[in-house]
Amino acid sequence: MRRFFVVIILLVSSLTSYGQYYVNGQDPASIHWRQINTPNFQVIYPDDFEQKAQQVAYILEKVYGYASETLQHQPRKISVILHTKTVHANGFAAWAPARVEMFPTPSQDIYPQKWLEQLAIHEFRHVVQIDKIGEELPGIFKVILGQQAAAAVVGAYLPFWFLEGDAVSTETTLSHAGRGRLPSFEMPLRAQVLQKKIYSYDKAYLGSYKNFIPDHYELGYQLVAGARSRYGADVWAGVLDRVARQPLSLTAFDKGLKLATGENKIGLYHEIFNGLKAKWQHQDSLNELTPVQVLSAKPKYFTSYRYPYYVNDSTVVALKTSIDDIDRFVLLQANGKEHKLVAPGPWFRESVTYGNNRIYWVEQKSDVRWQHREFSLLRVYDINRGMAWQRRYHKKVLAPSVSRDGKHLCAVEMGSANQSSIVLLSPENGDIIKSFPAPDGQLFLTPSWSQDGKHIFTVVLGDRGKTLAELDVTSGKLKTLMPYSYVEIRRPEQQGNYLFYASAQTGIDNIFALNLTTGENFQVTSSRFGIRDIQFSQNGKKLLYADYSANGFRVVQANEKSLLWKSSPQQEEVHLEPAQTIARQGPGAVQLNEPDSALYPSTKYSKLGHLFNIHSWAPVYVNTTDYTIHPGVSIMSQNKLSSMVAQFGYDYSVNDKEGKWYANLEYEGWFPIFKLETSFGKQKSQYYQVTNYTNQAGQVVRSDTSLVDFSWNQWNVDLNARIPLDLSRGKWYRLLQPEAKMEFTGIQHNSTTPSQFFSGSIVPITYRLYFHNLLRQSMRDLQPRWGQIMDVSFRHTPFGNLDYGTAWSAEGYEYLPGFFRHHGIRVYGGYQRKELSATGNMLSDLILYPRGYKSFSNRQLFTLRTDYTLPLLYPDWNLGRWIYLKRINLRGFYDYGWTEALASQNNQTINYNFSFQSYGAEVTTNCHFLRFKAPANLGVRYSYMPDLNDYRFDVLFSINFSAL
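A brief structural summary. (Residues numbered from 1 in each chain as written. Predicted model: local features only at pLDDT ≥ 70, side-chain atom pairs only at ≥ 80, totals over all residues. Heavy atoms only, no water.)

## Description of the sheet that holds strand β11 (residues 347-355)
Logical step 1: Within the open sheet, the four strands sit side by side as β11-β12-β13-β14. Their pairing is antiparallel. Since the sheet does not close on itself, it has two edges, and those belong to β11 and β14 (386-393), each with one partner. Looking at each pair of strands side by side, their axes are set apart by 25° on average, direction ignored.
Logical step 2: Bridge count for strand β13 (residues 374-382) against β14 is seven bridges, and the pairing is antiparallel. Pairing of Val380 across the sheet is with Trp389, part of β14. (Pairing = 2+ DSSP bridges. Helix = DSSP H or I, 4+ residues; strand = E, 2+ residues; numbered from the N terminus. Axes fitted to C-alpha atoms, helices over the stretch in contact; angles between N-to-C directions.)

In structure tokens form, the structure reads like this:
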């Protein structure tokens, strides 16, 4: 029983330590919401998304039984929230509270399956996984913890590669075009295994700062689908059964896997990847490669060059991405030199184009306040003159394409209900000139201009996969150029009488050419791992593209004489393993044709009526601010729109043997965010009581001093209002946040309270203005190379029965680059001034002290803290399952402080000015414990205080749950 309660506390702590619940953001307050209730789902959506919401409900109900089958579990009814005002495509399933959140705008690099279908299948499979754990957990866990029991067990025990790999396997088996059927999906792993090696399990799963590691979706698919193809479709159902039924065992997943396959995680990893290596080596030996000239330099670290375009015969412009630097557009010279141009902000894939010395690309522009409202930002850079102009669109504009002469510009526009159109834009200011809607709910992808500027070639995605089409911009007629197919095709580009495009027809992404007159199809290139981004030189005699290797995409060119021109059937289907085997284990691709009319009644969804949603509880008090756990009770609520988070309960102090009732609420559904924290209960303390004993003459003959316990009733109410304003632009993250906070403390005597003890109210008010301006970081950066943080506060007590005076402060950080790459300098400066009240009371400190020193009473305090940070090693080393060490860092520091302190002399308070300093070093490690995906930071700090002739050691530890 003792072990049971220890595990309960560990589970609650793992769930609450990265924020009590998962809040992804908020939608604009102006949205009116509706809901559709089906037997198994509640779909919540903005009122202008009715038709597509009906489609989502239909798809979810259609796949419900199929996606549940191989895990042998049909989940309970769940809510699905559609965020339609965003530009990016995504989705996730979360528990505590249980719901699915979808971002239904499709991306331009979507594979040959409709986005809502893929999203519904993938995310619903996550629901099956987590609900199966929750349903089969011992009942006592659900009684004690509510929904967070399943969430904690899944987060603590199930590898992320399993969760995502199983969902990708499901989308692959239940559709014609899941990611498991795409050669590009296995391309990074294939290149790594053939050109480098099979990394250790820990490195493959937990990542590295030394090498590029394919993500856990790609790893997980190979492991989950590979196990299914070897051991049967139901192999993972038994593994989850064991995890759910033995939540007190830290090795339940490994033991379940061992029973089902004879191998634990590491054994299964090596078994499957050794098999993949043999298969890929055989396929690789049969591949005769197209001779190419590599134009990009051989990188020291993983670096990709995408979207290459000829500027002239000796210069190419491309977008460079790397683990060692932030994304940048660069010029590649024939002499091997590279010239940096401009760093874009968060850009959309397949949304870069070049013509007439100008680069056009589309960035994701966040709303100033609402995380779930985004805009398309078209930016234009002249390689000779710098930034030309930019244009923000309220609609979703993606995949721009400019003609080679720069006279014509088009893009794909997505309407509020996912209607797709090709729009003609002004190449000088981005104005929308004309629009061509896609027929029958189809989707336009990656358009490009014909050489005469009178036609647009585009990929079209429909119910039966993808095709290539030609749009006449004069008449608006759309002509299909080949049959629809579930084979991947990308980015068409006309040259002469041929339309070149990338396709996966050979099992590796290669370049194909379609004769626009005869309809004949030819394979043009033979790449080892895969290609992207086709372009031609001005005379059409050189073919330029991005070719993948284990070190990233490289820019290559091929002469026309070296091209294959091998006759090939149009869109011949690719048969990849293990996709073919696991597809045969189930019902095959589920037919998900769109309904002709509304199938389910819809009703208004009231935000006020659904403000609270109690989902979990715990037999402990959980402080989500400092991550501490006390005896008590917690009741947790988060509404389905994630606009209101609340916690209620009782917090018991073991030392005082007293407790307090509390209620904390935070509402983010309005422009300002309001947070209310209130508590009421008894507080205890002690005072010294002197008892004098006298004789008959009244003289004191003996005195006894004793400690007397006393208590009082205390009511605390903190009300905070803040407005986080996202002012990010390009490569800079910017946030401006004004904030005001009022704290009320009411103290009431009871029968034990001494009369001289304070009774009444204390009401401090704080006004704060925070701002940061930080350069985006590369994967290997320890801190921003450039940036500023500023924080100004003023605090006073204008109300209440006790005056604590006033205090104001100003503090900030400056980030600067160090002497070498990934070295960094950080300078902190802080100043505060406090005025005592008439009664001598004083407010607490608002700024940091030099490291190693504790706080003390002061009127003024100035602090300067300087740091120099650098990485020492990238060991990629593990000690069994206990720790995986990715990086070792060193931080040296020197701190200086000056203060006007308060001291006592002859029972009087005097001012005492002095300065003090400290210096030392921190050695920290970026690591993972127990193969848990969230990275940890563990280290030690040595501080020496010469003014005190003393030193101090501190252990440093943190876990970054936001990285999950």
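## A word on helix α11 (residues 252-261)
Logical step 1: Within α11 the residues assigned to the buried category are Ala252, Phe253, Asp254, Gly256, Leu257 and Thr261.
Logical step 2: Next to the buried residues of α11 lie α5 (148-157), α6 (160-173), α9 (216-231), α10 (235-245) and α12 (265-285).
Logical step 3: Immediately beyond the C-terminal end of α11, within one or two residues, lies Gly262, with a positive phi of roughly 85°. (Buried < 20%, exposed > 50% of the residue type's maximum accessible area, 1.4 Å probe, protein only. Contact = heavy atoms within 4.5 Å.)

## Side note on the packing of helix α7 (residues 183-195) against α12
Logical step 1: Following both chains from N to C, one finds α7 and α12 inclined at 85°, their axes separated by 10 Å at the closest point. Taken together, α7 and α12 sit at an angle that is classed as roughly perpendicular. Together, Glu186, Leu189, Arg190, Val193 and Leu194 of α7 and Phe273, Lys277, Trp280, Gln281, Gln283 and Asp284 of α12 make up the contact between the two elements.
Logical step 2: Residues belonging to the contact of α7 with α12 are distributed by class as follows: five nonpolar, two polar and four charged. (Parallel < 35°, antiparallel > 145°, perpendicular 65-115°, else oblique. Nonpolar A, V, L, I, M, F, W, Y, C, P; charged D, E, K, R; others polar.)

## Overview of empty space enclosed by the protein
Logical step 1: Tallying each qualifying case throughout the model produces 11 cavities of 30 Å³ or more.
Logical step 2: Its boundaries defined by the atoms lining it, the largest cavity holds a volume of some 170 Å³.
Logical step 3: Considering the residues around the largest cavity, the lining is formed by 14 residues, among which Lys52, Pro106, Lys114, Trp115 and Gly441 are closest to the centre.
Logical step 4: For the lining of the largest cavity, the secondary structure elements donating two or more residues are α2 (50-68) and α3 (115-136).
Logical step 5: For the lining of the largest cavity, the class distribution of residues is seven nonpolar, four polar and three charged.
Logical step 6: Along its surface, the second largest cavity is lined by Gln26, Asp27, Pro28, Ala29, Trp33, Lys607, Leu611, Asn639, Leu641, Ser643, Tyr667 and Gly669.
Logical step 7: Taken together, the residues of the lining of the second largest cavity break down into six nonpolar, four polar and two charged. (1 Å grid on protein atoms, 1.4 Å probe; cavity = no way out; pocket = protein on both sides within 12 Å on 5 of 7 lines; lining within 4 Å. Points joined across faces, edges and corners; volume = space filled by probe spheres on them.)

## Some points on the packing of α3 against α5
Think of two packed helices as two axes; the pair is described by the angle between the axes and how far apart they sit.
Logical step 1: As a packed pair, α3 and α5 sit with axes 9 Å apart at the nearest point and diverge in direction by 115°. Crossing angle aside, the handedness with which α3 passes α5 is right-handed. Together, Ile130, Ile133 and Gly134 of α3 and Ala150, Val153 and Val154 of α5 make up the contact between the two elements.
Logical step 2: Here the contact of α3 with α5 is built from residues that sort into five nonpolar, one polar and no charged. (Left-handed = near helix turned anticlockwise from the far one by under 90°.)

## A few points about the packing of aromatic side chains
Logical step 1: Scanning the entire structure with this criterion turns up 52 aromatic pairs.
Logical step 2: Taken together, a centroid distance of 4.7 Å and an interplanar angle of 55° make the contact between Tyr650 and Trp661 tilted. Of this pair, Tyr650 sits in strand β34 (residues 644-653) while Trp661 sits in strand β35 (residues 658-667), and the two are 11 residues apart along the sequence.
Logical step 3: A relative accessible area of 22% places Tyr650 in the partly exposed class.
Logical step 4: Under the relative-accessibility criterion, Trp661 is labelled exposed at 57%.
Logical step 5: Through a chain of ring-to-ring contacts, the aromatic side chains of Tyr849, Tyr853, Phe856, Tyr912, Phe914 and Phe916 assemble into a single cluster.
Logical step 6: Geometry around Tyr307 places Arg306 over its ring, the cationic atom sitting 4.5 Å from the centre.
Logical step 7: Stacked on the ring of Phe893, the Lys or Arg Arg851 has its end atom at 4.1 Å from the ring centre. (Phe/Tyr/Trp six-rings, centres within 6.5 Å; stacked < 30°, edge-to-face > 60°. Lys NZ or Arg CZ within 6 Å of the ring centre and 35° of its normal.)

## Observations regarding the nonpolar core
Logical step 1: By size, the foremost hydrophobic cluster in this structure holds 141 residues, and its most contacted members are Val43, Trp161, Trp236 and Phe273.
Logical step 2: The greatest single-element share of this core, amounting to 10 residues, is contributed by α3.
Logical step 3: Tyr307, Leu341, Tyr354 and Ile359 belong to the second-largest nonpolar core, a separate cluster that totals 14 residues. (Core = buried A, V, L, I, M, F, W, Y, C linked by side-chain atoms within 4.5 Å.)

## A closer look at a nonpolar patch on the surface
Logical step 1: On the surface, a cluster of nonpolar side chains totalling about 470 Å² of accessible area is made up of Val923, Val940, Tyr942, Tyr951 and Phe953.
Logical step 2: Listing elements by their share of the nonpolar patch, those giving two or more residues are β48 (936-945) and β49 (950-959). (Patch = residues over 30% accessible without salt bridge, like charges linked within 9 Å, V, L, I, M, F, W, Y side chains within 5 Å. Areas by Shrake-Rupley, 256 points an atom, 1.4 Å probe, with all protein chains shown as cover. Salt bridge = Lys/Arg side-chain N within 4 Å of Asp/Glu carboxyl O.)

## Examining the sheet that holds strand β4 (residues 90-94)
Logical step 1: Pairing is mixed across the open sheet formed by six strands, whose spatial order is β4-β5-β3-β2-β1-β31. Of all strands in the sheet, those bounded by a partner on one side alone are β4 and β31 (602-605). Taking the axes of each pair of neighbouring strands and ignoring which way they run, one obtains an average angle of 20° across the sheet.
Logical step 2: Here strand β3 (residues 78-82) runs beside strand β5 (residues 99-103); their pairing, made up of four bridges, is parallel. Along β5, the bridge assignment pairs Ser79 with Arg99.
Logical step 3: Strands β1 (33-37), β2 (41-46), β3, β5 and β31 of the sheet are contacted by α2, whose axis makes an angle of about 160° with β2.

## As for the pairing of strand β23 (residues 489-495)
Logical step 1: Of all the seven residues making up β23, seven are buried; the element is thus mostly covered by neighbouring parts of the structure.
Logical step 2: In this antiparallel pair of consecutive strands, β23 and strand β24 (residues 498-503), the connection spans two residues, and Gly496 shows a positive phi of 65°.

## Regarding the environment of Lys85
Logical step 1: Tracing the backbone shows Lys85 in the loop between β3 and β4.
Logical step 2: Overall, Lys85 belongs to the partly exposed group, its relative accessible area being 21%.
Logical step 3: Taking the C-alpha atoms as reference points, Lys85 and Asn713, 628 residues apart in sequence, are found 48 Å from one another.
Logical step 4: Apart from the residues within four sequence positions on either side, Lys85 is in contact with Ile31, Asp48, His372, Arg373 and Glu374.
Logical step 5: Here Asp48 takes part through its side chain, which lies 2.8 Å from a polar atom of the side chain of Lys85. (Polar contact = N/O pair within 3.5 Å; in protein donor to acceptor, adjacent residues only side chain to side chain.)

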